[in-house]
Amino acid sequence: MTRRGVVGAALAAGVGVPIGITGVAGRAAAAPADSGPDRLTLPAPTGPYRVGTVPLHLVDRSQPHPLAGPGRHRELMISVWYPARDVRRYPLAPWMTAASMRMLLHSAGFDPDAVRAPLTAGHEGAPVLHPGGRLPVVVYSHGAGSHRSDTTIVVQELASHGYVVVTVDHTYDGFSEFPDGQVTVQEDNYDATPWTYSRDLRFVLDQIADLAAGRNPDVGHARLPAGLGSALDLNRIGMFGWSKGGTATALTMGTDRRVRAGLSLDGPMVSQPRPTTDLYRPFMLMTAEHTRTTEPAVAEFFAHLRGWRLNIHAAGAIHSSYGDNQWLVPQLARVIGMSDEELAGWIGTLDPTRAVRIGQAYPLAFFDRHLRHRGHLLSGPSRPFPEVTFVP
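Keep in mind it's a predicted model, so treat the numbers as computed, not measured.

(A) Spatial organisation of the packing of aromatic side chains. Here the structure, examined in full by the defined rule, presents seven aromatic pairs. Ring geometry for Y140 and F240: centres 4.7 Å apart, planes at 45°, overall tilted. Note that Y140 is positioned in strand β6 (residues 135-141) and F240 in strand β10 (residues 232-242), a separation of 100 residues in sequence. What makes Y140 buried here is its relative accessible area of 0%. Centroid distance F283 to F301: 4.9 Å. Interplanar angle 75°. Geometry classified as edge-to-face. In this pair, F283 sits in strand β12 (residues 283-287) while F301 sits in helix α6 (residues 296-303), placing the two residues 18 residues apart along the sequence. As far as burial versus exposure is concerned, F283 and F301 are alike and both buried. Aromatic ring contacts, followed pair by pair, group Y140, F240, W308, F366 and F367 into a single cluster. It is R292 that lies over the ring of F302; its NZ or CZ is 4.0 Å from the centre. Here the guanidinium or amino end of R372 rests over the ring plane of Y163, the centre of that ring lying 4.2 Å away.

(B) Spatial organisation of the layout of surface pockets. In this model, the largest pocket occupies a volume close to 400 Å³. Mapped by element, the contributors of at least two residues to the lining of the largest pocket are β2 (50-64), β3 (73-84), β4 (92-94) and β5 (116-124). For the lining of the largest pocket, the leading source of residues is β3, giving three residues. Taken together, the residues of the lining of the largest pocket break down into 10 nonpolar, eight polar and four charged.

(C) View of α6. Every buried residue of α6 is accounted for by A297, V298, F301 and F302. The buried residues of α6 all sit within an arc of 135° when viewed along its axis, so they share a single face. Looking at the buried positions of α6, the neighbouring elements they touch are α5 (244-255), β12 and β13 (309-314).

(D) Representation of the packing of helix α3 (residues 152-160) against helix α9 (residues 352-372) in the model. Between α3 and α9, whose axes approach to 9 Å, the crossing angle comes to 50°. Classified by the interaxial angle, the pair formed by α3 and α9 is oblique. As for the relative orientation of α3 and α9, their crossing is right-handed in sense. Listed contacts from α9 to I153, V154, E157 and L158 of α3 are V356, G359, Q360, P363, L364 and F367. Within the contact of α3 with α9, the residues separate by chemical class into seven nonpolar, two polar and one charged.

(E) Region of interest: empty space enclosed by the protein. Per the counting criterion, the structure on display carries six cavities of 30 Å³ or more. Empty space within the largest cavity amounts to approximately 70 Å³. Around the largest cavity sit I153, V154, S321, Y322, G323, D324, Q326, W327, A355, V356 and G359, which together line it. Secondary-structure elements contributing two or more residues to the lining of the largest cavity are α3, α7 (325-336) and α9. Among the elements that line the lining of the largest cavity, the one with the most residues is α9, at three residues. Grouping the constituent residues of the lining of the largest cavity by class yields six nonpolar, four polar and one charged. Grouping the amino acids of the lining of the second largest cavity by side-chain chemistry returns four nonpolar, one polar and two charged.

The rules behind the values
Residues numbered from 1 in each chain as written. Predicted model: local features only at pLDDT ≥ 70, side-chain atom pairs only at ≥ 80, totals over all residues. Heavy atoms only, no water. Phe/Tyr/Trp six-rings, centres within 6.5 Å; stacked < 30°, edge-to-face > 60°. Helix = DSSP H or I, 4+ residues; strand = E, 2+ residues; numbered from the N terminus. Buried < 20%, exposed > 50% of the residue type's maximum accessible area, 1.4 Å probe, protein only. Lys NZ or Arg CZ within 6 Å of the ring centre and 35° of its normal. 1 Å grid on protein atoms, 1.4 Å probe; cavity = no way out; pocket = protein on both sides within 12 Å on 5 of 7 lines; lining within 4 Å. Points joined across faces, edges and corners; volume = space filled by probe spheres on them. Nonpolar A, V, L, I, M, F, W, Y, C, P; charged D, E, K, R; others polar. Arc of directions from axis to C-beta. Contact = heavy atoms within 4.5 Å. Axes fitted to C-alpha atoms, helices over the stretch in contact; angles between N-to-C directions. Parallel < 35°, antiparallel > 145°, perpendicular 65-115°, else oblique. Left-handed = near helix turned anticlockwise from the far one by under 90°.

Here is the structure:
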């Protein structure tokens, strides 16, 4: 089953089960009392700040619409996550929109009305908190056939610690919903390569610059959260991605100097053409299945890193272990009585509660070190994280 199917299975099977996994650090984001199908939850971020979020609809007029006629251009949905203030009157944002969630469930062969998406920690449209001036910016790119919410645990963790995080849907290579209600999915006749992703990411960087200059890049001029533009520090931009998004992060680092630090969550680093130039800015690999031993492209990319570099590996992790799947699939196991051996086939042997902590701690430590020049977690193996190996 594809990663899309794994997520759909986990969500569909969540009906009628106690939500959350005992022992995960932090608390689950509280959902208001309501009726209807059960709503799943995500673990809450651990940072000192409340979190806000806002979706934006962008049009890249430099790229033609890949599946429409002349005069149409490529459209993207993004979400901006940030530390927030005065959040009480702003509702929590769902993990996915209702329509895209239905499509995700349907595509996996489940009742689209079976369950509702989890609520995130992000309060939609809440004003931005400026704790100590402008904030570093991090851009996120998803994997093939997925969506911009697939690593929300990591994203909202960064925002709760004072980062602005921009997550990008790569249209026609995953699930996305636009303001007019149109839901797009992965299209077989659309050849989305890591370079396609990288073009999207460079365009999004341009739109972030527009936001910082006081402009509103949203096509419909959606209302922006108060203080958003003035919160962005364009001199401290990082980027990370999962799978194909990790490869796209590497490609973007090689072609756009605005990105000061890059992180790959098990990216295969396979692209045509491959990057052949050396990279002198910080880059970290969090590997699982796509290791330097098993993937020549990963080893070749690592050899081109001439600045600060690090490869860490969590024992027992599989390809999707650093994202939200590691939290969702065990809920499925509890519902259907999956054996430990079967569950390991879905999520590896990395304990989900530990995976959440690793996913919260190490990306934060990486961006803290290279965008804020603080922290010591990446100096070497850490006793609180015995699963994590520093690969020489």
